[in-house]
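Breakdown of the fold
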Amino acid sequence: MALKLQEIDPENDFPALAKCLFESYEDPPQKFFHVFFPIHGTGDEARNEAIKEAADRLKLWHTHDPSSYWQKVVDEETGKIAGGALWNIHQQNPFENPAPSAPTWFPDDGSRRFVEKALENHSRPRAQVAQKPHLYLFIIFTHPDYRRKGVGQQFMDWGIKKADETSVDFYLDSTPYGRPLYEANGFTYLEENINIPKTENPDEKWKEIEDKVGPFTFWLMCRPFSAKKSSEAE
Ligand SMILES: CC(C)(COP(=O)(O)OP(=O)(O)OC[C@H]1O[C@@H](n2cnc3c(N)ncnc32)[C@H](O)[C@@H]1OP(=O)(O)O)[C@@H](O)C(=O)NCCC(=O)NCCS
């Protein structure tokens, strides 16, 4: 099976990437995924609508963020997308003048307040240690049909080379499923981030999403740049 790493085609790839993203995070299901990519409602129609919204939003994020770089791994026999990765190549400190953005993928009620807090909590540990140019792996997924075939490793190989070439640290926030891949690549764990959004007066919509998502844990991990390691690899 030939699985090839490529840069995406932003005009055409987002619908298929978004579908692969959903299928990857549904198997096994990860509750936090709802914070970033919600399904509003139930049934196939609501899910298809959510995938379409995700595709449109990912394209918008990509075209408006100069740090955004998307890759895919394609099964050359079938043309199917086997996995994807969204990188942020931060050439400046991204936390100095963060662009204000509301999570408009939720209605303007308690659910959006919950997600605002969750996103703030999510980036806090990195904001404390990465106030400098760095490489960030924001999203990575391999479709369940293609796991343990080296797809994730192809993304990691690219990221490690990129970080070394540009002399920057490489950060990511890991789910429990990602951690073996990152540990196999020499990443060290910096901080456990148990995300429990808090408010004084939770309304019904806040409580609804809180019940659905629950507390969720990520681990901030890093592969620090080392001039020595980088010259040894040459
Ligand atoms: C994490 C994920 C991207 C790994 O992708 P993958 O393409 O299956 O990983 P690879 O085949 O490239 O694995 C490379 C190495 O990482 C380690 N590894 C990857 N998945 C592993 C697992 N489930 N258990 C143990 N080790 C694992 C192994 O060392 C593996 O090498 P090996 O297969 O020769 O033993 C995939 O499991 C996934 O999409 N999970 C759901 C979404 C998710 O949680 N993404 C991570 C967000 S931080």
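Every value quoted in this text rests on a predicted model; they were computed, and no experiment measured them.

Quick look at the site of the ligand
Close contacts around the ligand come from 22 residues, with Thr142, Gly150, Gly152, Gln153 and Thr175 the closest. The contact in question runs from an oxygen atom of the ligand to an N or O atom on the backbone of Gly152, over 2.8 Å. A distance of 2.8 Å separates an oxygen atom of the ligand from a polar side-chain atom of Thr175. Notes on the ligand: free accessible area 920 Å², of which the protein chains cover 75%.

Comments concerning the nonpolar core
Formed by 33 residues in total, the largest nonpolar core has its most connected members in Leu21, Val35, Phe37, Trp70, Ile139 and Phe141. Those elements that provide at least two residues to this core are helix H1 (14-25), helix H2 (33-36), helix H3 (43-64), strand S3 (81-90), helix H4 (110-129), strand S4 (134-142), helix H7 (204-213) and strand S7 (216-223). The element best represented in this core is H1, accounting for seven residues. Leaving out residues up to four positions away in the same chain, Leu21 has contacts with Phe33, Phe37, Leu58, Ile139 and Phe141.

Regarding H4
Between the first and last C-alpha of H4 there are 30 Å, a value that for 20 residues agrees with the 28 Å anticipated at 1.5 Å per step. Of all the bends in H4, the greatest, near 40 degrees, is centred on Ser123, and the proline Pro125 appears no more than four residues after it. Buried within H4 we find Gly110, Ser111, Arg112, Phe114, Val115, Ala118, Asn121, His122, Pro125, Arg126 and Ala127.

Brief notes about the packing of H4 against H7
Across the interface, H4 lies against H7 with an axial gap of 6 Å and an inter-helix angle of 50 degrees. As judged from the angle between their axes, H4 and H7 are oblique. In this structure, the crossing between H4 and H7 has a hand that is right-handed. From H4, Gly110, Ser111, Arg113, Phe114, Val115 and Lys117 reach across to H7, where they touch Lys205, Trp206, Ile209, Glu210 and Val213. Per-class residue counts for the contact of H4 with H7 are five nonpolar, two polar and four charged.

Some remarks on the UniProt feature "domain: N-acetyltransferase" (unreviewed entry) in the protein
In the UniProt entry, the feature "domain: N-acetyltransferase" (unreviewed entry) is given for residues 3-208. Secondary structure over residues 3-208 splits into 41% helix and 22% strand, and the C-alpha atoms at its two ends are 41 Å apart.

Things to note about the sheet that holds S7
Consider a sheet: its strands pair through backbone hydrogen bonds, and that pairing is either parallel or antiparallel. The seven strands are arranged S1-S2-S3-S4-S5-S7-S6 in an open sheet whose pairing can be described as mixed. Of all strands in the sheet, those with a lone pairing partner are strand S1 (3-7) and strand S6 (188-195), marking the two edges. On average, each strand axis in the sheet is tilted by 25 degrees relative to the strand beside it, whichever way the strands run. Where S3 and S4 come together, eight bridges link them in antiparallel fashion. Pairing of Leu86 across the sheet is with Ile139, part of S4. Along the sheet face, H1 touches strand S2 (68-75), S3 and S4 and points at about 75 degrees away from the line of S4.

Parameters and conventions
- Residues numbered from 1 in each chain as written.
- Predicted model: local features only at pLDDT ≥ 70, side-chain atom pairs only at ≥ 80, totals over all residues.
- Heavy atoms only, no water.
- Near = heavy atom within 4 Å.
- Polar contact = N/O pair within 3.5 Å; in protein donor to acceptor, adjacent residues only side chain to side chain.
- Areas by Shrake-Rupley, 256 points an atom, 1.4 Å probe, with all protein chains shown as cover.
- Core = buried A, V, L, I, M, F, W, Y, C linked by side-chain atoms within 4.5 Å.
- Buried < 20%, exposed > 50% of the residue type's maximum accessible area, 1.4 Å probe, protein only.
- Helix = DSSP H or I, 4+ residues; strand = E, 2+ residues; numbered from the N terminus.
- Contact = heavy atoms within 4.5 Å.
- Expected span 1.5 Å × (residues − 1).
- Bend = angle between axes of the 7 residues up to and from the residue.
- Axes fitted to C-alpha atoms, helices over the stretch in contact; angles between N-to-C directions.
- Parallel < 35°, antiparallel > 145°, perpendicular 65-115°, else oblique.
- Left-handed = near helix turned anticlockwise from the far one by under 90°.
- Nonpolar A, V, L, I, M, F, W, Y, C, P; charged D, E, K, R; others polar.
- UniProt positions renumbered as here; feature names shortened; annotations may be inferred.
- Pairing = 2+ DSSP bridges.

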